[in-house]
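As a plain string of letters, each chain reads:
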Amino acid sequence: MSQVKITVDPKEALVDERVHIQVEGLPPNKPVTIKATFQEEGLRFCSYGCFISTEGGHVMVERQAPVQGTYTGVEPMGLFWSMKPEPSQRQQIRFQKGNVTTPIIVTLAVFEGNLCWDELFDPPNKPLAISKVYRWYKHKTVRREKVREGNIRGVLFTPSGPGPFPGVIDLFGNGGSLFEHRAALLASRGFCVLSLAFFAYEDLPKFLTDVTLDYFIESAEWFSRLPEVISSGVGVISLSKSGEYALEMARHSSKVKAVVLVNAVSFYSDVPLKYSKGDIQCSEFLFNEIKRTPNGIDTIGCNQPSDDFYIKVWTSPASVLCIVGEDDHILNPKLTERFIELVPKEHKHRFQMIKYPGAGHLIEPPYVPHCRSSRHNIFDEYLWWGGETKSHSYAQEDSWWQILQFFSTQLKGKKDL
């Protein structure tokens with residue numbers, strides 16, 4: 001089988017793009033295994049699918065279901081989203097791309113025979129064919145600049161071209177530090193994006209208790225005045241705890257027109273929010289409701305806010321899109337449902353909720369490894385994020401395009417990307 005080759009189209013693309021994988025030159029009805037691997041910052045992830053070649057000696061991943069593997073059914077991108085840590089790695093790992101100026105390099109290898117998971121890491125034969133795929137969060141033409149403006153800390157991503165562009169502020173949760181991957185990908189889709197840090201980063205406060213609302217208001221006002229940003233208003237995308245800050249930015253800055261909450265807090269939670277005009281009190285976090293499971297800590301019962309603690313963002317003109325994973329074991333999905341219920345009838349047309357059965361807490365851009373649990377770098381505990389891999393993968397793919405469409409409509413006035 002010296003003529004065997006594996007082709008990938010395109011070999012280089014953004015991480016949210018589908019690719020076509022095909023093996024050619026096989027004998028008819030031949031069992032083969034396709035293995036996909038990548039290594040990032042010392043972590044190794046792997047997936048595989050066992051196939052039977054067609055009468056023509058082909059395997060077409062987008063048309064054939066594996067007879068066994070890390071995923072089931074006909075899934076064009078199954079070899080990407082079903083990746084999991086290799087056996088030599090710690091298993092509860094959350095993959096987040098650190099350096100967005102380099103690609104994720106995925107190696108696809110074809111082996112003779114239908115191998116099982118354990119055989120993948122000491123295969124009996126050399127691969128029949130190998131191909132590499134380059135997956136980018138940041139398009140090569142997107143400009144990346146560190147931001148140190150007044151109190152504001154983060155990274156600004158700007159698309160190529162004259163602009164101005166629709167602007168989005170990108171916030172992550174209570175893990176601190178700065179994550180750039182989602183902002184880089186949004187910028188690669190035509191948005192000017194500020195990935196905004198708010199604690200445990202450079203000279204910012206070390207603890208969540210010292211975060212101020214004034215910081216977010218300052219950030220929204222500064223960002224919305226940039227010449228690269230369309231002046232009519234900006235959007236904010238948030239995950240988990242940062243939903244509180246995103247909604248407060250909309251309430252206090254007329255420049256915020258659109259907010260996306262990804263399994264995000266819609267009420268005052270955890271700690272009082274410092275504010276120069278008077279601190280805002282929060283609902284109680286019920287530590288006695290924490291459940292310890294083999295997957296990690298389950299906290300869905302720990303937040304039980306009364307209606308008074310929900311953030312009345314409907315008093316602003318902003319539109320809100322809520323992305324909800326129904327298998328979230330960190331934030332109870334019913335809390336977001338209650339938030340939507342509280343929106344007065346005359347404002348409901350500006351609020352939308354999309355629920356995804358089987359999806360967990362960490363809904364990220366598509367085609368990346370699903371993380372059910374991992375160690376939280378602030379709490380130093382394993383948290384059970386939840387999600388069933390196939391359902392979670394669907395949620396990541398569908399919600400990403402819903403988010404892009406929402407921001408495109410709200411910030412550019414266009415219904416189609």
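Residues numbered from 1 in each chain as written. Predicted model: local features only at pLDDT ≥ 70, side-chain atom pairs only at ≥ 80, totals over all residues. Heavy atoms only, no water.

Asker: Could you give an account of the overall build of the protein chain, with specific residues and numbers?
Answerer: Per the secondary structure count, the protein chain includes six helices and 22 strands. Projected onto its principal axes, the C-alpha coordinates of the protein chain cover approximately 75 × 55 × 45 Å. Relative to its 417 residues, the protein chain shows a buried fraction of 56%. For the protein chain, the proportion of contacts with a sequence separation of at least 24, taken over those separated by at least 6, is 69%. Carbon and sulfur atoms make up 50% of the accessible area of the protein chain, which totals about 17,300 Å². (Helix = DSSP H or I, 4+ residues; strand = E, 2+ residues; numbered from the N terminus. Buried < 20%, exposed > 50% of the residue type's maximum accessible area, 1.4 Å probe, protein only. Contact = heavy atoms within 4.5 Å. Areas by Shrake-Rupley, 256 points an atom, 1.4 Å probe, with all protein chains shown as cover.)

Asker: Please give an account of the nonpolar core that cites residues and values.
Answerer: Of all hydrophobic cores here, the largest spans 131 residues; its most connected members are Leu 171, Phe 223, Phe 339 and Phe 407. If we skip the residues at most four places from it in the chain, Phe 339 touches Leu 247, Leu 261, Ser 266, Tyr 310, Ile 311, Val 313, Trp 314, Val 320, Cys 322 and Phe 351. Counting eight residues, the second largest nonpolar core, distinct from the first, contains Tyr 48, Ala 109, Leu 115 and Trp 117. (Core = buried A, V, L, I, M, F, W, Y, C linked by side-chain atoms within 4.5 Å.)

Asker: Mind laying out the pairing of strand β20 (residues 351-356), listing which residues take part and the relevant values?
Answerer: In this structure, strand β19 (residues 319-325) lies alongside β20, joined through six bridges in parallel fashion. Along β20, the bridge assignment pairs Leu 321 with Gln 352. On the question of chirality, the crossover connecting β19 to the parallel β20 by way of helix α5 (residues 333-342) is right-handed. (Pairing = 2+ DSSP bridges. Right-handed = clockwise from strand over helix to strand, strands pointing away.)

Asker: Tell me about the sheet that holds strand β6 (residues 59-60), and name the residues and values.
Answerer: Within a sheet, neighbouring strands are paired by backbone hydrogen bonds and run either parallel or antiparallel to one another. Read from one edge to the other, the open sheet built from three strands follows the order β1-β3-β6, with strand pairing classed as antiparallel. The open sheet is flanked by β1 (5-9) and β6, the only strands paired with a single partner. The pairing of strand β3 (residues 20-24) with β6 spans two bridges and is classified as antiparallel. Among the inter-strand pairings, Gln 22 is bridged to a residue of β6, identified as Met 60.

Asker: Outline the packing of aromatic side chains, listing residues and values.
Answerer: Overall, the coordinates contain 19 aromatic pairs when judged by the stated rule. Aromatic side chains Phe 198 and Phe 216 sit 5.5 Å apart centroid to centroid with 55 degrees between the ring planes, which places their arrangement in the tilted category. Of the two residues, Phe 198 is situated in the loop between β14 (192-196) and α3 (213-224) and Phe 216 in helix α3; the sequence distance between them amounts to 18 residues. Overall, the relative accessible area of 5% leaves Phe 198 in the buried class. The structure contains a cluster of three or more aromatic residues connected by ring pairs, namely Phe 198, Phe 199, Tyr 215, Phe 216 and Tyr 245. (Phe/Tyr/Trp six-rings, centres within 6.5 Å; stacked < 30°, edge-to-face > 60°.)

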